[in-house]
Amino acid sequence: MTAVARLGRLRERPELIGLGALLLAGALLAAVGTRVLTGPFAIIALASVLASVVALVLVAVSGTPEARRKIAPYGLLKPGMLWLALFYLAPLFTLLRLSLSTLPSRFAIEADFDWNFGNYVDAFTDFGPQFQRAFLYAGIATVLTIAIGYPLAYVIAFRGGRYRTLLLGLVVIPFFTSFLIRTIAWRSLLSDNGIIIGAVDWFRLGGLLETMQIMDDGRLINTPAAVIFGLTYNFLPFMILPIYVSLEKVDVSLVDAAKDLYSTSTAAFTKIVLPLSLPGIFAGTLLTFIPAAGDFVNAAYLGNPNTTMIGNSIQDQFLVQNNVPLASAMSFVLMAIITVFVVIYSRFFGTEELA
Amino acid sequence: MTTSRPNPFRSSFGNGRSDLTRRQLLLRAGALGAAGVSLPAILAACGSDSDSASSDTSPGTTTGGTTAGTTSAGGGSLFFENWPAYIDPTEDGATGTIDRFMAATGVDMRYTEAYNDNNEYFATIQPVLGRGDTIEPDIIAPTGWMAGRLIDLGWVDPLPLDQVPNAANLRADLRGAAWDPNGEFSLPWQTGFAGLAYNIDETGREITSLDDLFDPEFAGRVGALTEMRDTIGVILLSMGVDISQLTSFDEAAPAFEMLERAKSDGQIRRFHGNDYFDDLSNGNLAITIGWSGDVASIARDNPSVRFAFPETGATSWADTMVIPKGSPNAAAAAQFMNFVYDPVEAAQITAWVGYVSPVDGVREELAKIDAVLAQDPLLFPDDATLGLTRAFAQLPEDVEAEYDAAFSEIIGA
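In this report, we go over the structure that sits alongside the text. Given the structure is predicted, the values throughout are model-derived calculations rather than measurements.

Criteria and cut-off values
Residues numbered from 1 in each chain as written. Chains lettered and ligands numbered in written order. Predicted model: local features only at pLDDT ≥ 70, side-chain atom pairs only at ≥ 80, totals over all residues. Heavy atoms only, no water. Helix = DSSP H or I, 4+ residues; strand = E, 2+ residues; numbered from the N terminus. Areas by Shrake-Rupley, 256 points an atom, 1.4 Å probe, with all protein chains shown as cover. Contact = heavy atoms within 4.5 Å. Lys, Arg positive; Asp, Glu negative; His and termini not counted. Charge placed at Lys NZ, Arg CZ, Asp CG, Glu CD. Buried < 20%, exposed > 50% of the residue type's maximum accessible area, 1.4 Å probe, protein only. Patch = residues over 30% accessible without salt bridge, like charges linked within 9 Å, V, L, I, M, F, W, Y side chains within 5 Å. Salt bridge = Lys/Arg side-chain N within 4 Å of Asp/Glu carboxyl O. Buried area = accessible area lost by both parts, 1.4 Å probe. Polar contact = N/O pair within 3.5 Å; in protein donor to acceptor, adjacent residues only side chain to side chain. Nonpolar A, V, L, I, M, F, W, Y, C, P; charged D, E, K, R; others polar. Pairing = 2+ DSSP bridges. Phe/Tyr/Trp six-rings, centres within 6.5 Å; stacked < 30°, edge-to-face > 60°. Axes fitted to C-alpha atoms, helices over the stretch in contact; angles between N-to-C directions. Parallel < 35°, antiparallel > 145°, perpendicular 65-115°, else oblique. Left-handed = near helix turned anticlockwise from the far one by under 90°.

Notes on the overall build of chain B
Looking only at helices and strands, one finds 17 helices and eleven strands in chain B. Within the structure as shown, chain B displays about 14,100 Å² of accessible surface, and the carbon and sulfur contribution to it stands at 52%.

Okay, structure coming up:
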């Protein structure tokens, strides 16, 4: 009797059913994804997830308008929740578990989970230089993409006129070519007998570039500067596009109003345009810094043995050393450090919409 | 970073009819470069050309095979996954080995070029073979040391050698290889050497000794292979260590120390897989450790690039054919191995790929196709040169892990 009464009460609160079904489906799918539930249990779990989706559809089709309205948000959240459970939570949990495991032998396929925090100790102690270089190079590259990308986005947004779309297209078109092909192409361009060194010699800029530590003993390729340059080049559009989007929305009449009130152009820019475009810079920084810190292609092709980044080390641990637990721990440390950076960054520079 | 041995440029080596276009070469270089950094997605994006190349070699026309078949009793099927550009394709009026094999036996053969890198390929098959399941290919082409690893793990089946009478043509010096002492599990596909590759315009002199690699005159313009056994191998040989007898890490430690010093001093500019042709041709590298077959083919475009067997010795290696455990087509695989161990057929492959054939009697057959090539000392080294070469010992699992870790630390990964 009480069960019926409880069911009756729940009938009045359909949103609770919606929330419960959402969380349960997510948890079940994550459990299947991490192989906590296997065999017949996995089948039952998947069937339950499917049933909850079917029930949702039934409510949406035949429920009362009130029930439909209350359950709608949970229904709309469901695809995203299930996606995250299967393709984000489950892999993340698997990676975490692996990072605390030990391989019984080098080529074993299953690692034994034994709370092996030694992997994290190794990740910190053995790969310090690679972590430092990854964040240093990614940080410099991010600053450079802002320095190059902001003026470019500004000109396109405010001076582009009817050529805006065309100009924006020109920014993006080179990036239709594979990331890898473009990086390898820079090897030829920057080579000792390449056209760029030729131009540097012609203008007698060698001494200057050496002083700025861009060139090393007359070389551009296989230097730290080349790696940073490659990162800057490859991630530039990810900075330009968000900045452009935020600048495009800025109402030019605001600048006119500022000037009417005797503001200088500089003050109008720093007090109006720049603050309004901060969300773009913020988004661009995240889109640039995070992948750049984990990148290994630029260091592999444009660097030398003393400029490798953490991405190269993780790659090597996964594929050459077959030390999957250590590689997982390194990946986790990388993620953790990036998360800390992003949180700090968004506290100081984040805008209200994003922080 | 890991290495891929076969050279995409090698395809242009040999008689003129096998020339690839420049565009194909660049695309293949890109595809291999991708393998070097293990980016499967990007590899797929820029490697499509090697797909079409492999379909050149194996049109897969069952009808063509069976109608022309002479012994096509049942035919059967076969799948060989090999390194890129490692077999003569059907092109320009010449019939490739795959098509000749299908015509002769009626076996429906599939041939792909997805074996780009030993470590990367191992990472893809490990979860499958490790669980006792079978992988699709019936023959794969691991380099000797990797074949040894697969044999030790029990992930390959013994070859049905009673069905491969031509296996008797295996070169004497390849018998009893360290990775497969009884020759039960593997037959070499192609072999070669690692020694010194240099650009004489940049060095200004003939290079004969490994000391030149560490000569301060070339500081910052020296390279080395990311293939641990070749780089450490030639250095150890220069120290008088017999690399075929290594059993512990300590014996090799001096070579690792020497390499580490050269790397920290900036003597070594970069460690590379098979992507060193441009660097050597355009002078970014004056001298490096390289593979014999590669250099022969670069030299065709740029005669300044040369290969030297160091006077202290060069490493020799072999890419092998093995049958992954549980393959249902072992009989067809045996037919294929028998086919390519016929010197007449093997000479066709040698003429196109430009590496050293493991089959006795190829030189005589090759002389009928291409007399110049049959005299090439890199393809048919004399006994004195062969005496300078050594194969790297098959290391126990834990010792190999020590070598790999120490080497990765030096190359910066």
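Once you've had a look at it, read on.
Things to note about the overall build of chain A
Across its full length, chain A carries 16 helices and two strands. Its C-alpha atoms put chain A at 90 × 70 × 35 Å along the principal axes. Across chain A, contacts joining residues at least 24 apart in sequence account for 68% of those joining residues at least 6 apart. Carbon and sulfur atoms make up 71% of the accessible area of chain A, which amounts to about 19,200 Å² in all. Taking the average location of the 23 positive side-chain charges in chain A and that of its 21 negative ones, the two points are 11 Å from each other.

Quick word on helix H12 (residues 292–301) of chain B
When you tally the buried positions in H12 of chain B, you get seven out of ten residues, the bulk of the element. Among the residues of H12 of chain B, Ser292, Gly293, Asp294, Val295, Ala296, Ser297 and Ile298 of chain B are the ones counted as buried.

Comments concerning a negative patch on the surface
Residues and elements named next belong to chain B. On the surface, Asp152, Asp250, Glu251, Glu397, Asp398 and Glu402 cluster together to form a negatively charged patch. Top element by residues in the negative patch is helix H17 (residues 397–410). It accounts for three residues. If you trace the backbone, glutamate 402 turns up in helix H17. Residue classification places glutamate 402 among the partly exposed residues on the basis of a relative accessible area of 42%.

Some words on the interface of chain A and chain B
The partner chain B presents 45 residues to the 36 residues of chain A that form the contact. Among the residues of chain A in contact with chain B, Phe107, Ile109 and Pro305 of chain A are the three that bury the most area, contributing 20% of the side total. Joining chain A to chain B, the criterion identifies six salt bridges. For arginine 187 of chain A, the salt bridge identified is with aspartate 279 of chain B, shortest N-O distance 3.9 Å. In this assembly, chain A and chain B are joined by 17 residue pairs in polar contact (both at pLDDT 80 or more). If you list the elements that add at least two residues to the side of chain A that touches chain B, you get helix H8 (179–189), helix H14 (297–302) and helix H15 (310–319) of chain A. A per-element tally of the side of chain A that touches chain B places H15 of chain A first, with five residues. Within the side of chain A that touches chain B, the residues separate by chemical class into 15 nonpolar, 14 polar and seven charged.

As for a nonpolar patch on the surface
A cluster of nonpolar residues, Trp83, Leu84, Leu86, Phe87, Tyr88 and Leu89 of chain A, forms a patch on the protein surface that exposes about 640 Å² of accessible area. For tyrosine 88 of chain A, a relative accessible area of 44% corresponds to the partly exposed category.

What to know about the pairing of strand E8 (residues 287–291) of chain B
All names here are of chain B. Counting buried residues in E8 gives five out of five residues, a clear majority hidden from the surface. Burial of the side chains of E8 extends over both faces: Ile287, Ile289 and Trp291 are buried on one face and Thr288 and Gly290 on the other. Across five bridges, the pairing between strand E5 (residues 186–199) and E8 is antiparallel. Bridging from a neighbouring strand, alanine 197 pairs with threonine 288 of E8.

As for the packing of aromatic side chains
Counted according to the given criterion, the structure contains 36 aromatic pairs over all chains. Relative to phenylalanine 269 of chain A, the ring of tyrosine 150 of chain A lies with its centre 6.0 Å away and its plane at 85°, an arrangement referred to as edge-to-face. Here tyrosine 150 of chain A, found in helix H6 (residues 128–159), pairs with phenylalanine 269 of chain A, found in helix H13 (residues 265–294); they are 119 residues apart in sequence, far enough to count as distant. Judged by centre distance (6.2 Å) and plane angle (80°), the ring pair of phenylalanine 271 of chain B and phenylalanine 407 of chain B falls under edge-to-face. Remark: phenylalanine 407 of chain B occurs in helix H17 and phenylalanine 271 of chain B occurs in strand E7 (residues 268–272); sequence separation between them is 136 residues. Both residues of the pair, phenylalanine 271 of chain B and phenylalanine 407 of chain B, count as buried. Cluster of aromatic residues (ring-pair linked, three or more members): Phe80, Tyr86, Phe101, Tyr111, Trp189, Trp317, Phe336, Phe339 and Tyr355 of chain B.

What about the packing of helix H2 (residues 14–33) of chain A against helix H3 (residues 39–62) of chain A?
Residues and elements named next belong to chain A. Running from N to C, H2 and H3 point in directions that differ by 150°, and their axes come no closer than 9 Å. In this view, H2 runs roughly antiparallel relative to H3, as classed from their interaxial angle. Handedness of the crossing formed by H2 with H3: left-handed. Contacts between H2 and H3 involve Ala21, Ala25, Leu28, Leu29 and Val32 from the former and Ala42, Ala45, Leu46, Ser48, Val49 and Ser52 from the latter.

Coordinates in, geometry out; function isn't part of it.
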